[in-house]
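Breakdown of the fold
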Amino acid sequence: MQATTTATNPRRTARPRRGERIIAAINRDPRTAEHGTRNDTVLAGVLLLGAVCLALFTDDGRRPDALGWTLLVAAHVPIVWRRRHPLLVLAALVAVVAPYHAMDNNHTAVGPASYVALYTLAVTGRPLRTILTGIAVLTVSVSIMLIVDTHQALELIRTSGWVIAILFCGIDVRYYRQYVAAIVERAERAERTREEEARRRVAEERLRVARDLHDLLAHSITLIGVQTSVAAHVLTADPERLDREAVAKALDDIAETCRSARGELRTTLEVLRGQDTAGVPDARGPLPGLSGLPDLAESARLAGADVDLSVRADDVPPAVGAAVYRITQEALTNAVRHAGPKPSVRVAVHGERGALRLSVTDDGTGPDPAGTPGFGLVGMRERARSVGGTLDAGPRRGAAGFEVTAVLPTPAPTRTAHPTTERTA
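In this text, all values refer to a predicted model and were calculated from it rather than measured experimentally.

Another aspect to go through is the overall build of the protein chain. Scanning the protein chain from N- to C-terminus turns up 13 helices and six strands. Within the protein chain, the fraction of its 425 residues that count as buried is 37%. Intrachain contacts of the protein chain at a sequence separation of at least 6 include 72% that bridge at least 24 residues.

With that settled, the discussion passes to the nonpolar core. Within the largest apolar cluster, 37 residues are counted, with the highest numbers of intra-cluster contacts made by Leu293, Val324, Ile327, Val347, Leu358, Val404 and Leu408. At the level of elements, α11 (293-302), β1 (306-312), α12 (318-338), β2 (344-352), β3 (355-362), α13 (376-386) and β5 (402-409) are the ones that each hand at least two residues to this core. Per-element tally for this core: the top contributor is α12, with nine residues. Here Leu293 is in contact with Leu309, Val311, Val324, Tyr325, Thr328 and Val349, once residues within four sequence places are set aside. Counting residues in hydrophobic clusters, the runner-up holds 27 residues, among them Leu121, Val137, Leu138 and Leu167.

With 17 residues, helix α5 (residues 86-102) should reach 24 Å at 1.5 Å per residue; the first-to-last C-alpha distance of 24 Å fits that figure. Along α5, the residues classified as buried are Pro86, Val89, Leu90, Leu93, Val96, Val97, Ala98, Tyr100 and His101. Directly beyond the C-terminal end of α5, a positive phi value near 60° is found at Asp104.

With that settled, the discussion passes to helix α4 (residues 66-76). The set of residues buried in α4 consists of Gly68, Leu71, Leu72, Ala75 and His76. Angularly, the buried residues of α4 cover 135° about the axis, an arc narrow enough to put them on a single face. Next to the buried residues of α4 lie α3 (36-57), α5 and α6 (111-124). Put simply, Asp65 is the residue that caps the front of α4, since its side-chain oxygen is 3.4 Å from the backbone nitrogen of Leu67.

Let's shift gears to the packing of α4 against α5. At their nearest, the axes of α4 and α5 sit 9 Å apart, and the two run at 160° to each other. As summarised for this structure, α4 and α5 are arranged roughly antiparallel, according to the angle between their axes. Considering only the axes of α4 and α5, their crossing is left-handed. Seen from α4, the contacting residues are Gly68, Leu71, Leu72, Ala74 and Ala75; seen from α5, they are Leu93, Val96, Val97, Pro99 and Tyr100. Here the residues of the contact of α4 with α5 sort into nine nonpolar, one polar and no charged.

Looking now at the pattern of salt bridges. Here the structure, examined in full by the defined rule, presents eight salt bridges. The partner of Arg194 in a salt bridge is Glu191, and the shortest N-O contact between them spans 2.5 Å. With a gap of three residues between them, Arg194 and Glu191 both fall in helix α9 (residues 160-237), about one helical turn apart. A salt bridge links Glu352 to Arg357, with the nearest nitrogen and oxygen atoms 3.0 Å apart. On the basis of relative accessible area, Arg357 is assigned to the partly exposed category, the value being 41%. The network of salt bridges with common partners includes Asp40, Arg82 and Arg83.

Criteria and cut-off values
Residues numbered from 1 in each chain as written. Predicted model: local features only at pLDDT ≥ 70, side-chain atom pairs only at ≥ 80, totals over all residues. Heavy atoms only, no water. Helix = DSSP H or I, 4+ residues; strand = E, 2+ residues; numbered from the N terminus. Buried < 20%, exposed > 50% of the residue type's maximum accessible area, 1.4 Å probe, protein only. Contact = heavy atoms within 4.5 Å. Core = buried A, V, L, I, M, F, W, Y, C linked by side-chain atoms within 4.5 Å. Expected span 1.5 Å × (residues − 1). Arc of directions from axis to C-beta. Polar contact = N/O pair within 3.5 Å; in protein donor to acceptor, adjacent residues only side chain to side chain. Axes fitted to C-alpha atoms, helices over the stretch in contact; angles between N-to-C directions. Parallel < 35°, antiparallel > 145°, perpendicular 65-115°, else oblique. Left-handed = near helix turned anticlockwise from the far one by under 90°. Nonpolar A, V, L, I, M, F, W, Y, C, P; charged D, E, K, R; others polar. Salt bridge = Lys/Arg side-chain N within 4 Å of Asp/Glu carboxyl O.

Following this line, the structure appears as structure tokens:
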């Protein structure tokens, strides 16, 4: 017993309806149509059959002779190439039709082929060329008919309105196709723009998350490393006189740093997961701005740095505040890591008209030139550029240490509040 399967032809199921095919054929440029030559060959055969019928059954007194039939058939041959060379096809048709009319054969039989050639020229050519060509064809036709038969010439002039109508119909169809093509092109361009904008936003979001993770992990791991070294030093310095309080404080600092890092890391990852952070216990909400600078200073002090924090700004935009926070976090991390033991660090945030200035300086030795470069300075510059600001980082001029300065614009003038200064002895 043979098993049979029913396969669905995708072409048959996806085939558009007849009305859709007709509209598509009207909107499509005839020069780009599939099987154009085949279709024009069929059209030429249909026009020739119609011409033969007209020559046989209308105006019996002008039925073509052998040469007339030959010219009548030859007039329909160029129709096969009307899409590729419309002007040459019309010229060839006029060259064959002129002697046909001059021999006073049936003048109606070649009309449909002439109209098709004129319409094709109007649809595919420029309007000015179409109008000039139509005037030339009418002039030649009337001149020939005046020589053959004055009555037929007057009849041709009377019916020349059909020729003009066909030409303007072709021009109108041409403009309509150009209009439809422009709409389709704008729609495709808009779709491409939306896709590019979506890709750009995804790339920016990935870069932002990468910067957040780098700043968070580098800062937290550096502090944990320093605090662990402090605990290890206390344990090994004098085992007989163990300072349990110092060890417990170092371990508590490590635990607090881990909890803070875990909360910020969860907040950052929630952006990628697209989850609601309302029901997450450890989620800390948005990353802090200027209000989080004292916590950064305290964390750096726990790691052994002497931090002098001065903040003279208020009501800054959230994006600028977040940039200041992250730049300060990375600068303090670098100071703790590279400035040597117990560095003195000064952090100054001052608001002025239309801008916010940040300065982080230390008196340490600075990073090792032979070391492997990281992404800290790059990330700080990207943070500043993300809000339209600038950042400079390098060794201090005329003094030992490293300096990071940033100028971040604010949309509105920053209101100067009472100095909020936090210093350590």
